[in-house]
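This is what each chain is made of:
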Amino acid sequence: GEAPESSKREKTPKKPKFDPADLHPAILRLGVQYQNREIIGGNARCVAMLAAFKHLIQDYKPATKDTSGTPSSVGRNDLVLHFKKPIEYLISCRRLSISMGNAIAGLKHKINAISDAKEDITLDALKKEVCQYIDMFIFERIVDADRYITMHGVSRIVDGDAILTFGRSSAVEMILRNAKEEGKKFSVFVVDSNPLFEGRPFAHRLATQGIDCTYVLLSAISNIIREVTKVFIGAAAVLTNGSVYSRIGTASVCLIAHSFHKPVLCCCETYKFTDKAWFNSLTSNEEGDPNQLIMADDEDCVSDLKDWKSNDSLSIVNMQYDLTPPEYISMLISEVGMIPPTSVPVIIREYHLKVGDSNSQDFFNFFGRNSDACHPRALAAPLFFLTRTFQRVEPPDGHPQGRGFAMTSLY
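Every value quoted in this text rests on a predicted model; they were computed, and no experiment measured them.

Enquirer: If you had to explain empty space enclosed by the protein to someone new, which residues and values would you point to?
Expert: For the structure shown, the criterion picks out one cavity of 30 Å³ or more. Taken as a whole, the largest cavity holds about 60 Å³ of empty space. Forming the boundary of the largest cavity are Phe166, Gly167, Asp192, Ser193, Asn194, Pro195, Leu196, Phe197, Glu198, Arg247 and Ile248. Looking at the lining of the largest cavity, its residues break down into five nonpolar, three polar and three charged.

Here's what the structure looks like:
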């Protein structure tokens with residue numbers, strides 16, 4: 001097929017310039033981490049972004065003073081507009097994921113909802129409530145959600161299973177580690193591909209935990225698929241038509257698994273669900289550094305494509321994601337339970353109708369989630385996707401789970 005127009009149009013796209021003085025230090029630091037791929041993974045990137053936004057909100061001061069100090073005069077619109085430039089800067093460093101876009105939309109909606117409900121609220125009180133919302137969102141929609149995904153995922157593993165997974169997913173990793181801790185006997189095939197080779201450290205960590213692992217490249221999957229009993233994958237997003245948007249190569253894995261009648265279970269938090277619908281991977285995708293594809297494994301070797309920029313007839317496209325049709329997905333595992341891909345529109349619709357501008361606990365209560373009826377292994381599951389910056393995560397003040405529950409980072 002033809003390369004995307006962006007690759008044909010220019011070899012090195014120009015990025016907008018930003019004055020560091022106009023950006024908060026936390027945003028500047030985060031942008032560099034995104035650009036250098038120091039923070040990767042949908043959950044880790046979203047948590048890091050929300051943590052930076054929290055610093056941005058706490059340090060926010062309106063450009064004009066007002067004696068009343070109410071958001072209607074100095075804070076309401078300005079606080080929302082205050083995110084515009086930081087978001088543009090983060091996008092220039094790396095394209096935002098769908099889940100990050102959902103989190104940003106929810107944050108802006110919350111600011112307006114608080115201002116509408118409490119017209120006489122002071123700016124300091126508004127900032128405090130918004131920061132509490134951020135804490136609640138991280139805990140309920142990501143941390144607590146992964147706890148329930150782990151519980152559901154572990155229940156699907158039985159003794160003798162040969163599980164195949166592609167690349168590295170934080171949710172899948174938690175499921176496998178907790179299944180091992182429960183004493184279940186199973187083996188794992190870690191399928192990997194270039195240029196990121198995320199499966200290498202993933203396989204190493206699983207083997208360190210005593211899990212029987214086999215590491216193979218994507219090109220060899222047809223040789224081992226007959227031995228597989230289940231396929232577990234992660235997702236960057238799930239579209240309203242049930243298609244799964246995930247790391248490039250996932251569609252190939254699911255296609256082969258479907259051809260051999262192997263069940264494919266996709267682990268994904270509901271905050272990654274979107275009402276968008278695409279029918280191919282080129283409609284909306286992220287391009288990585290083209291040089292990643294031409295780098296030789298041996299540093300002493302020189303790639304034949306090292307001068308690709310000087311050749312107008314050659315374009316290199318490093319797509320980061322692909323789209324898996326819903327018919328290749330057997331089941332979605334989320335915090336609201338195990339559902340078929342066809343139920344995604346229902347989840348999205350009921351979330352918007354039931355929750356509106358309230359907190360996400362109403363959403364979970366609507367689907368019958370009981371925060372007290374949690375799996376003991378899942379309750380203690382490490383929060384793998386967090387970086388060293390977030391070493392401890394506890395329920396925010398006022399959360400029904402109290403402050404007795406904590407998750408720590410693997411890294």
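Enquirer: Tell me what's going on with the pairing of strand S8 (residues 321–324), and back it up with residues and numbers.
Expert: Burial along S8 is two-sided: Tyr321 and Leu323 and Asp322 and Thr324, pointing in opposite directions, are all buried. Alignment of strand S6 (residues 244–247) against S8, held across four bridges, turns out to be antiparallel. Within the sheet, the bridge partner assigned to Tyr245 lies in S8 and is Leu323.

Enquirer: Requested: an account of the sheet that holds strand S2 (residues 186–192), with residues and values cited.
Expert: The mixed open sheet is built from seven strands, whose spatial order is S3-S2-S1-S4-S7-S9-S10. Both edges of this open sheet fall to strand S3 (212–217) and strand S10 (337–339), since each of them pairs with a single strand only. In this sheet, neighbouring strand axes are inclined to one another by 25° on average, regardless of whether the strands run parallel or antiparallel. In terms of strand pairing, strand S4 (residues 230–234) meets strand S7 (residues 264–267) through four bridges, oriented parallel. Bridging from a neighbouring strand, Ile233 pairs with Cys266 of S7. Sitting on the sheet, helix H11 (residues 250–259) touches strand S1 (161–166), S4 and S7, and the angle it makes with S4 is about 160°.

Enquirer: Outline the packing of aromatic side chains, supporting the account with residue identities and numerical values.
Expert: A full pass over the atoms with the stated rule returns six aromatic pairs. Measuring from ring centre to ring centre gives 5.6 Å for Phe18 and Tyr89, while their planes differ by 85°; the resulting arrangement is edge-to-face. In this pair, Phe18 sits in the loop between helix H1 (5–9) and helix H2 (25–35) while Tyr89 sits in helix H5 (residues 84–93), placing the two residues 71 residues apart along the sequence. Measuring from ring centre to ring centre gives 4.9 Å for Tyr245 and Tyr321, while their planes differ by 25°; the resulting arrangement is stacked.

Enquirer: How would you explain the side chain of Arg45 if you had to name every residue and give the values?
Expert: By the element assignment, Arg45 lies in helix H3 (residues 42–58). Of the side chains with opposite charge, Glu286 lies nearest to the buried Arg45, which makes no salt bridge, at 4.5 Å. Within the structure, the side chain of Arg45 is placed 2.6 Å from the backbone oxygen of Arg95, a separation counted as a polar contact. In contact with Arg45, other than residues within four places in its own chain, are Tyr34, Ile39, Ile40, Arg94, Arg95, Leu96, Ser97, Met100 and Tyr321.

Enquirer: Outline the environment of Arg226, supporting the account with residue identities and numerical values.
Expert: Relative to the assigned elements, Arg226 resides in the loop between helix H10 (221–224) and S4. Residues Arg226 and Ala162, spaced 64 residues apart in sequence, show a C-alpha to C-alpha distance of 9.9 Å. The contact partners of Arg226, leaving out residues within four places of it in the chain, are Phe260 and Lys262.

Enquirer: Requested: an account of unusual backbone geometry, with residues and values cited.
Expert: A cis amide bond, omega 5°, links Asn194 with the succeeding residue Pro195. With respect to the helices and strands, the residue Pro195 is situated in the loop between S2 and helix H9 (199–208). Its identity as a non-glycine residue notwithstanding, His261 has a phi of 60°, on the positive side.

Enquirer: Go over the pairing of S2 with me, naming the residues and quoting the values.
Expert: When you tally the buried positions in S2, you get seven out of seven residues, the bulk of the element. Across the two faces of S2 the burial is the same, with Phe186, Val188, Val190 and Asp192 and Ser187, Phe189 and Val191 all buried. When S1 meets S2, the two strands line up parallel, connected through six bridges. Of the residues in S2, the one forming a bridge with Ala162 is Ser187. Crossover S1 to S2 through helix H8 (residues 170–181) is right-handed. Summarising the sheet, S2 and S3 pair through six bridges and their orientation is parallel. Across the sheet, residue Asp192 finds its bridge partner in S3, namely Leu217.

Enquirer: Please provide a residue-by-residue account of the side chain of Ser246, values included.
Expert: For Ser246, the position within the fold is in strand S6. Judged by relative accessible area, which is 6%, Ser246 ranks as buried. At 3.1 Å, the side chain of Ser246 forms a polar contact with the backbone oxygen of Gly234. A polar contact is formed between the side chain of Ser246 and the side chain of Thr250, at a distance of 3.4 Å. Contacts of Ser246, omitting those with residues within four sequence positions, involve Gly234, Ala235, Ala236, Gln320, Tyr321 and Asp322.

About the cut-offs
Residues numbered from 1 in each chain as written. Predicted model: local features only at pLDDT ≥ 70, side-chain atom pairs only at ≥ 80, totals over all residues. Heavy atoms only, no water. 1 Å grid on protein atoms, 1.4 Å probe; cavity = no way out; pocket = protein on both sides within 12 Å on 5 of 7 lines; lining within 4 Å. Points joined across faces, edges and corners; volume = space filled by probe spheres on them. Nonpolar A, V, L, I, M, F, W, Y, C, P; charged D, E, K, R; others polar. Buried < 20%, exposed > 50% of the residue type's maximum accessible area, 1.4 Å probe, protein only. Helix = DSSP H or I, 4+ residues; strand = E, 2+ residues; numbered from the N terminus. Pairing = 2+ DSSP bridges. Axes fitted to C-alpha atoms, helices over the stretch in contact; angles between N-to-C directions. Contact = heavy atoms within 4.5 Å. Phe/Tyr/Trp six-rings, centres within 6.5 Å; stacked < 30°, edge-to-face > 60°. Lys, Arg positive; Asp, Glu negative; His and termini not counted. Salt bridge = Lys/Arg side-chain N within 4 Å of Asp/Glu carboxyl O. Polar contact = N/O pair within 3.5 Å; in protein donor to acceptor, adjacent residues only side chain to side chain. Right-handed = clockwise from strand over helix to strand, strands pointing away.

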